[in-house]
Amino acid sequence: RRITRVHHLAQMKAEGHKWAMLTAYDYSSARVFDDAGIPVLLVGDSAANVVYGYDTTIPVTSDELIPLVRGVVRGAPHALVVADLPFGSYEAGPQQALASAVRFFKEGGAHAVKIEGGERIADQIAALTASGIPVMGHIGFTPQSVNGLGGFRVQGRGDGSDQLIADAIAVQEAGAFAVVMEMVPADLAGQITRKLTIPTVGIGAGNETDGQVLVWQDMAGLTSGKTAKFVRRFADVGTELRRAAEQYARDVATGTFPGPEHSY
Ligand code: KIV
Ligand code: NA
């Protein structure tokens, strides 16, 4: 298997190959996804929700995310590992963004960073790119702005389409190597995908983007409660894991585990 780096994603767009990206937050899951041939792993700030149990991505810090990046990089020798810069670590300007991204590179070992926002953070994207740090953009619904956006809502509808197109172009012109589009109408996402030279990665953005991304716990059925409309569950790992834990507890209680074959 070949190693994936940013220029391969451009190649895949040129060749019309669609690709899947998944989140990962630790060594063990990263190994599984890397073995499965997933070319891009994202240490998302969705770790706020699925690792740390926060309600939104707003509280999670670089100090909480960087150790997760280290584990994923060790578990994924082939995949491109992208790390999210968390809320509060890049908004103040290019200098702050650079200082934060440098930490994710030097301490975490990430290959690229992702930052939320379009036109408003183009200067940050340009500064990182100029320093040799590949940047993935993220436009449309940006969870770190959930309060400003008034909730989990589809972006780019009606008059919003012009702003979304402007954001996509700004991100590309600032030097990003790819851009995530979250919760935007499928037709608009397709239109932007054809307009941009860099690959687009959709989540709740229909079927015409170059790549797709899901949070792995959503993809595998490990998140509880109602999931978003854009999620397909490809497995029911939660039920299976619970079954294993119950069986283990039962076998310990009844004295059937450990057996002679597990004993010294
Ligand atoms: O944090 C995250 O998991 C993300 C993806 C879902 C795009 O930003
Ligand atoms: Na994120």
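- Under an unreviewed UniProt entry, the name given to the protein chain is 3-methyl-2-oxobutanoate hydroxymethyltransferase, and the organism recorded is Gordonia jinhuaensis.
- Per UniProt, the comment on the protein chain under Function (unreviewed entry) is "Catalyzes the reversible reaction in which hydroxymethyl group from 5,10-methylenetetrahydrofolate is transferred onto alpha-ketoisovalerate to form ketopantoate."
- Here is the UniProt Pathway (unreviewed entry) comment for the protein chain, exactly as written: "Cofactor biosynthesis; (R)-pantothenate biosynthesis; (R)-pantoate from 3-methyl-2-oxobutanoate: step 1/2."

### Looking at the overall build of the protein chain
And then number 1: The secondary structure content of the protein chain amounts to 11 helices and eight strands.
And then number 2: C-alpha extents for the protein chain along the principal axes are approximately 65 × 40 × 40 Å.
And then number 3: Burial statistics for the protein chain: of 264 residues in total, 47% are counted as buried.
And then number 4: Considering only intrachain contacts with a sequence separation of at least 6, the fraction spanning at least 24 residues in the protein chain is 59%.

### Description of the UniProt feature "active site" (unreviewed entry) in the protein chain
And then number 1: Per the UniProt entry, the sites bearing "active site" (unreviewed entry) are Glu 182 in this numbering.
And then number 2: For Glu 182, the contacting residues outside a window of four places in its chain are His 138, Gly 140, Phe 141, Thr 142, Ile 203, Gly 204 and Ala 205.

### A look at the pairing of strand β3 (residues 80-84)
And then number 1: Of all five residues in β3, five are buried; the element is thus mostly enclosed.
And then number 2: Side chains Leu 80, Val 82 and Asp 84 project from β3 onto one buried face, and the interleaved Val 81 and Ala 83 project onto a second face that is buried too.
And then number 3: Sheet topology places strand β2 (residues 40-43) next to β3; four bridges connect them, and they run parallel. Each residue of the ladder has a partner; that of Leu 41, found in β3, is Val 81.
And then number 4: The pairing of β3 with strand β4 (residues 112-116) spans three bridges and is parallel. Residue pairing for β4: Ala 83 is matched across the bridge by Val 113.
And then number 5: Handedness of the crossover joining β3 and β4 through helix α5 (residues 94-106): right-handed.

### A closer look at the nonpolar core
And then number 1: Within the largest apolar cluster, 73 residues are counted, with the highest numbers of intra-cluster contacts made by Leu 41, Val 43, Val 69, Val 72, Val 81 and Val 113.
And then number 2: Of the residues forming this core, the biggest block, six residues, is contributed by helix α4 (residues 62-75).
And then number 3: Val 69 has contacts with Val 43, Val 81, Ala 83, Phe 104, Gly 108, Gly 109 and Ala 110, leaving out every residue within four places of it along the chain.

### Some details on the UniProt feature "binding site: Mg(2+)" (unreviewed entry) in the protein chain
And then number 1: When the UniProt feature table is mapped to this numbering, "binding site: Mg(2+)" (unreviewed entry) covers Asp 45, Asp 84 and Glu 116. A stretch of 72 residues holds the annotated residues, and the largest C-alpha distance among them is 10.7 Å, short enough that they meet in one place.
And then number 2: In this structure Asp 45 touches Thr 57, Val 60, Leu 65, Asp 84 and Pro 86, once residues within four positions along its chain are discounted.
And then number 3: The topology assignment puts Asp 84 in strand β3.
And then number 4: The class for Asp 84 is buried, based on 30 C-beta atoms found within 10 Å.

### Observations regarding the sheet that holds β4
And then number 1: Ordered by their spatial adjacency, eight strands build a closed barrel running β1-β2-β3-β4-β5-β6-β7-β8, and the pairing between neighbours is parallel. Taking the axes of each pair of neighbouring strands and ignoring which way they run, one obtains an average angle of 25° across the sheet.
And then number 2: As defined by bridge partners, β4 adjoins strand β5 (residues 135-140) across four bridges and the pair is classed as parallel. Note on β5: the bridge partner recorded for Val 113 is Val 135.
And then number 3: Running over the sheet, α4 touches β2 and β3 and is turned about 170° from β3.

### Topic: the site of ligand 1
And then number 1: In the neighbourhood of ligand 1, the contacting residues comprise Thr 23, Leu 42, Gly 44, Asp 45, Ser 46, Asp 84, Val 180, Ile 203, Val 213 and Val 215.
And then number 2: Broken down by class, the residue content of the shell around ligand 1 amounts to five nonpolar, three polar and two charged.

### Topic: the environment of Ala 166
And then number 1: Within the fold, Ala 166 resides in helix α8 (residues 160-173).
And then number 2: Looking at Ala 166, the number of C-beta atoms within 10 Å reads 13, which means it is partly exposed.
And then number 3: A C-alpha to C-alpha distance of 16 Å links Ala 166 and Met 136, two positions 30 residues apart in sequence.

### Some words on α8
And then number 1: Between its first and last C-alpha atoms α8 spans 20 Å; for 14 residues at 1.5 Å apiece the expected length is 20 Å, and the two agree.
And then number 2: Of all the positions in α8, only Leu 164, Asp 167, Ala 168, Ala 170, Val 171 and Gln 172 are classed as buried.
And then number 3: Packing partners of the buried residues in α8 comprise α6 (122-130), β5, β6 (178-182) and α9 (186-195).

### Quick word on α6
And then number 1: All buried positions along α6 are accounted for by Ala 122, Gln 124, Ile 125, Ala 127 and Leu 128.
And then number 2: Here the buried face of α6 lies against α5, β4, β5 and α8.
And then number 3: Gly 132, located one to two residues past α6, shows a positive phi value of around 85°.

Reading the values: the criteria
- Residues numbered from 1 in each chain as written.
- Chains lettered and ligands numbered in written order.
- Predicted model: local features only at pLDDT ≥ 70, side-chain atom pairs only at ≥ 80, totals over all residues.
- UniProt positions renumbered as here; feature names shortened; annotations may be inferred.
- Helix = DSSP H or I, 4+ residues; strand = E, 2+ residues; numbered from the N terminus.
- Buried ≥ 20, exposed ≤ 12 C-beta atoms within 10 Å, placed from the backbone.
- Contact = placed C-beta atoms within 7 Å.
- Pairing = 2+ DSSP bridges.
- Right-handed = clockwise from strand over helix to strand, strands pointing away.
- Core = buried A, V, L, I, M, F, W, Y, C linked by C-beta atoms within 7 Å.
- Axes fitted to C-alpha atoms, helices over the stretch in contact; angles between N-to-C directions.
- Near = placed C-beta within 6 Å.
- Nonpolar A, V, L, I, M, F, W, Y, C, P; charged D, E, K, R; others polar.
- Expected span 1.5 Å × (residues − 1).

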